[in-house]
Amino acid sequence: MSTLIIFGLLIALMLTGMPISISLGLTVLTFLFTMTEVPIESVALKLFTGIEKFEIMAIPFFILAGNFLTHGGVARRMINFATSMVGHWHGGLGLAGVLACALFAAVSGSSPACVVAIGSILLPAMVKQGFPPRFGAGVITTSGALGILIPPSIAMVMYSVATNTSVGQLFMAGVIPGLMLAALLGLTTWYRARKFDYPRLPKASVAQRLKALRESFWGLSLIVLVIGGIYTGIFTPTEAAAMSAVYAFIVAVFVYKDLTLKQVPKVLLDSASMSAMLLYIITNAVLFSFLMTSEGVPQAMASWLIDAGLGPVAFLLVVNVILLLAGNVMEPSSIVLIFAPILFPVATALGIDPVHFGILIVVNMEVGMCHPPVGLNLYVASGITKMGITELTVAVWPWLLTMLAFLGLVTYVPTISLWLPRALGMM
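Because the structure is predicted, anything quoted here is derived from the model rather than measured.

To continue, consider helix H8 (residues 133–143). Counting buried residues in H8 gives nine out of 11 residues, a clear majority hidden from the surface. Along H8, the residues that are buried comprise Phe135, Gly136, Ala137, Gly138, Val139, Ile140, Thr141, Thr142 and Ser143.

Dropping the structure here:
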């Protein structure tokens, strides 16, 4: 009964158009003050202890690093490098977009940052070269979603906070699925470009490729710094985030000199604003999780699903359906923080690996970012392309179907996620 009241109240508040973070907080406070005897002090205490986790510090640092790189010309150099490598294939600039998004994802941790950084440079170039605007928009909107799967990933940090799973294991588990999805999106791009005979670029010479590699070296080195540092144990994911922020600042201001010291305060302010928004969502989601746990909702759901005779295969199918439906009305961080604590106990009771389950949730979030009505990447791409959401939805379908097929593969072949962390001796 309490579960129905909690979710009924949450949905009612969300239907008023209220932001999800505020809806979560009001749901918790209304329920606690009217239907339970929980003292107000414990609510205040939970607010602070909920975000008093070392892992959460990684979020502002990764956002700051991503903003320095977005403003600092790193994206442009990565695009040049990607174009020199694959530009001569069918749909060359589209393939370069997928590759550039994969590279930028490995230094930013954010999907919208990926879409803005790569899309704002590449989309006008694609239209100028003769590609249909819809093709370019479809490539960048979906490839930008790699930002939360290829490590470092802010979504993985949030899953770690919600379930106490190792961030390092999650980051390593995201490498192979991230590269696989990038390859599949590239294959879809190549196939459609070949089918409709879209333009190709002249093949770059070895000298041109080496020049592009040299120019993008400092940006690409950040990938080695973060992933190599975590794998070798030199620093934790949170320390890696701090290192990447400092490194990105030095590269943008002193090496590439695309960002002046006068522009740094604005980048800091933008990063602080985005971090505050995410931390506010996390705080309210932690409160919501506290309420669910105190009312025994996860435990009740776990026993109900197990009693219903759902095995791991059926349960994972149910999880995918729930998360894809949630992706229609909520943005990724809220979905991870609300659903992970509820579904996680059931997954562990059924013997599903926590790291595999985390990757599955992140891939679901990727799909959610690319379809309406609240797909974050669609809105970001809409701002860049000046296309309506309906037109963009039509544009992304071929790549979205590829992502759904990949979701099925990741769901039922856990080795894709778990092989690398196991091979590295991290699990």
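Together, Phe217, Trp218, Val246, Ile250, Phe254, Val255 and Leu261 line one region of the surface with nonpolar side chains, adding up to about 660 Å² of accessible area. Looking at the nonpolar patch, the elements with two or more residues in it are helix H12 (206–232) and helix H13 (237–255). Ranked by residue count, the leading element in the nonpolar patch is H13, at four residues. With respect to the helices and strands, the residue Val246 is situated in helix H13.

Let us now look at the layout of surface pockets. Sizing a probe to match a water molecule and rolling it over the atoms shows the empty space that remains. Taken as a whole, the largest pocket encloses approximately 600 Å³ of empty space. Of all the secondary structure elements, the ones that give two or more residues to the lining of the largest pocket are helix H2 (20–35), helix H4 (58–71), helix H7 (111–129), helix H9 (154–163), helix H14 (264–294), helix H17 (332–349) and helix H19 (376–385). Considering each element in turn, the lining of the largest pocket owes the most residues, five residues, to H4. Looking at the lining of the largest pocket residue by residue, the classes come out as 20 nonpolar, 10 polar and one charged.

Once that is clear, we can look at the packing of H4 against helix H6 (residues 92–108). The description of two packed helices rests on the angle between their axes and on the distance between the axes. Running from N to C, H4 and H6 cross one another at 135°; their axes reach a closest spacing of 8 Å. When the axes of H4 and H6 are compared, the pair comes out oblique. Two secondary-structure elements touch here, H4 through Phe62, Gly66, Leu69 and Thr70 and H6 through Phe104, Val107 and Ser108. Taken together, the residues of the contact of H4 with H6 break down into four nonpolar, three polar and no charged.

Moving on, we come to empty space enclosed by the protein. For the coordinates displayed, the defined rule picks out one cavity of 30 Å³ or more. Space inside the largest cavity adds up to approximately 50 Å³. The wall of the largest cavity is formed by 12 residues, among which Met330, Pro332, Met365, Gly368 and Met369 lie closest to the centre. Elements represented by at least two residues in the lining of the largest cavity include exactly H17 and helix H18 (354–368). Of the residues forming the lining of the largest cavity, the biggest block, three residues, is contributed by H18. Of the residues contributing to the lining of the largest cavity, the split by class is seven nonpolar, four polar and one charged.

Further remarks concern the pattern of salt bridges. All chains considered together, the criterion is met by five salt bridges. Linking Arg76 and Asp258 is a salt bridge whose minimum nitrogen-to-oxygen distance equals 4.0 Å. Residue Arg76 is found in helix H5 (residues 74–86), and its partner Asp258 is found in the loop between H13 and H14; the two are separated by 182 residues along the sequence. Ionic pairing is found between Glu215 and Lys211, a salt bridge with its closest N-O pair at 3.0 Å. Taken together, the positions of Glu215 and Lys211, both in helix H12 and four residues apart, correspond to about one turn of that helix.

One way to put it is that H7 packs onto H19 with a least axis distance of 10 Å and a crossing angle of 25°. In this view, H7 runs roughly parallel relative to H19, as classed from their interaxial angle. Relative to H19, the crossing made by H7 is right-handed. Between H7 and H19, the contacting residues are Ser111, Pro112, Val115, Val116, Gly119, Ser120 and Leu123 on the first element and Leu376, Asn377, Val380, Ala381, Ile384 and Thr385 on the second. Of the residues assigned to the contact of H7 with H19, the class counts are eight nonpolar, five polar and no charged.

For the structure on display, the rule yields 12 aromatic pairs. A centroid spacing of 6.0 Å and a plane angle of 80° characterise the contact between Phe7 and Phe288, whose relative ring orientation is edge-to-face. With Phe7 in helix H1 (residues 2–15) and Phe288 in helix H14, the pair connects residues that are 281 residues apart, well separated along the chain. Its guanidinium or amino end placed over the ring of Tyr256, Arg77 lies 3.8 Å from that ring's centre, counting from NZ or CZ.

What follows covers the side chain of Ser244. Relative to the helices and strands, Ser244 resides in helix H13. Ser244 sits in the buried class, given a relative accessible area of 1%.

Turning next to unusual backbone geometry. In this model, Pro151 is joined to Pro152 through a cis peptide bond whose omega is 0°. Locating Pro152 in the fold gives a position in the loop between H8 and H9. With a phi close to 60°, Lys257 is a non-glycine residue in the positive phi region. Relative to the assigned elements, Lys257 resides in the loop between H13 and H14. In this structure, Lys386 takes a positive phi of about 60° despite not being glycine. When you line up the elements, Lys386 lands in the loop between H19 and helix H20 (389–412). A relative accessible area of 70% means that Lys386 is categorised as exposed.

With respect to the helices and strands, the residue Gln299 is situated in helix H15 (residues 297–307). Gln299 sits in the partly exposed class, given a relative accessible area of 45%. In this structure the C-alpha to C-alpha distance between Gln299 and Thr83, which are 216 residues apart in sequence, comes to 51 Å.

Each value, and the rule that gives it
- Along each chain, the written sequence defines residue order, and numbers are assigned to residues from 1.
- Two thresholds apply to this predicted model, a pLDDT of at least 70 for residue-level local features and 80 or more for giving and counting side-chain atom pairs, whereas whole-chain, interface and lining totals are computed over all residues.
- Side-chain metrics rest on all non-hydrogen atoms present in the structure, leaving aside hydrogens and water.
- Only protein chains enter the accessibility calculation, which uses a 1.4 Å probe. A residue is then buried if its area is under 20% of the maximum for its type, exposed if over 50%, and partly exposed in between.
- Secondary structure follows DSSP: runs of H or I at least 4 residues long count as helices, runs of E at least 2 residues long count as strands, and numbering of each begins at the N terminus.
- By definition, no residue in a patch forms a salt bridge, and every one has over 30% relative accessible area; like charges are joined within 9 Å, nonpolar side chains (Val, Leu, Ile, Met, Phe, Trp, Tyr) within 5 Å.
- The Shrake-Rupley method, run with a 1.4 Å probe, gives the accessible areas here. Residue values count only the displayed protein chains as cover.
- Note on definitions: salt bridges are taken to be side-chain nitrogens of Lys or Arg within 4 Å of carboxyl oxygens of Asp or Glu.
- A cavity here means a set of 1 Å grid points, computed over protein atoms only, where a 1.4 Å probe fits but cannot escape. A pocket is an open set with protein on both sides within 12 Å along at least 5 of 7 lines, and lining residues have an atom within 4 Å of a point.
- Grid points are joined across faces, edges and corners, and a volume is the space filled by probe spheres set on the points.
- Residues are sorted three ways: Asp, Glu, Lys and Arg are charged, Ala, Val, Leu, Ile, Met, Phe, Trp, Tyr, Cys and Pro are nonpolar, and all the rest, Gly among them, are polar.
- Every axis in this analysis is a line fitted to C-alpha atoms, fitted for helices over the stretch in contact. Angles between the N-to-C directions lie between 0 and 180 degrees.
- Each angle is binned into one of four classes, with values under 35 degrees roughly parallel, values over 145 roughly antiparallel, values of 65 to 115 roughly perpendicular, and all other values oblique.
- Residues are treated as being in contact if the distance between any of their heavy atoms lies within 4.5 Å.
- By definition, any crossing whose near helix is turned counterclockwise from its far helix by less than a right angle is left-handed, and any crossing with a clockwise turn is right-handed.
- Pairs were defined over the aromatic rings of Phe, Tyr and Trp, the Trp ring being its six-membered one, requiring ring centres within 6.5 Å. Orientation was assigned from the angle between planes: stacked under 30 degrees, edge-to-face over 60, tilted for the rest.
- In this scheme, the term charge over a ring applies when either NZ of a lysine or CZ of an arginine sits within 6 Å of the ring centre and within 35 degrees of the ring normal.

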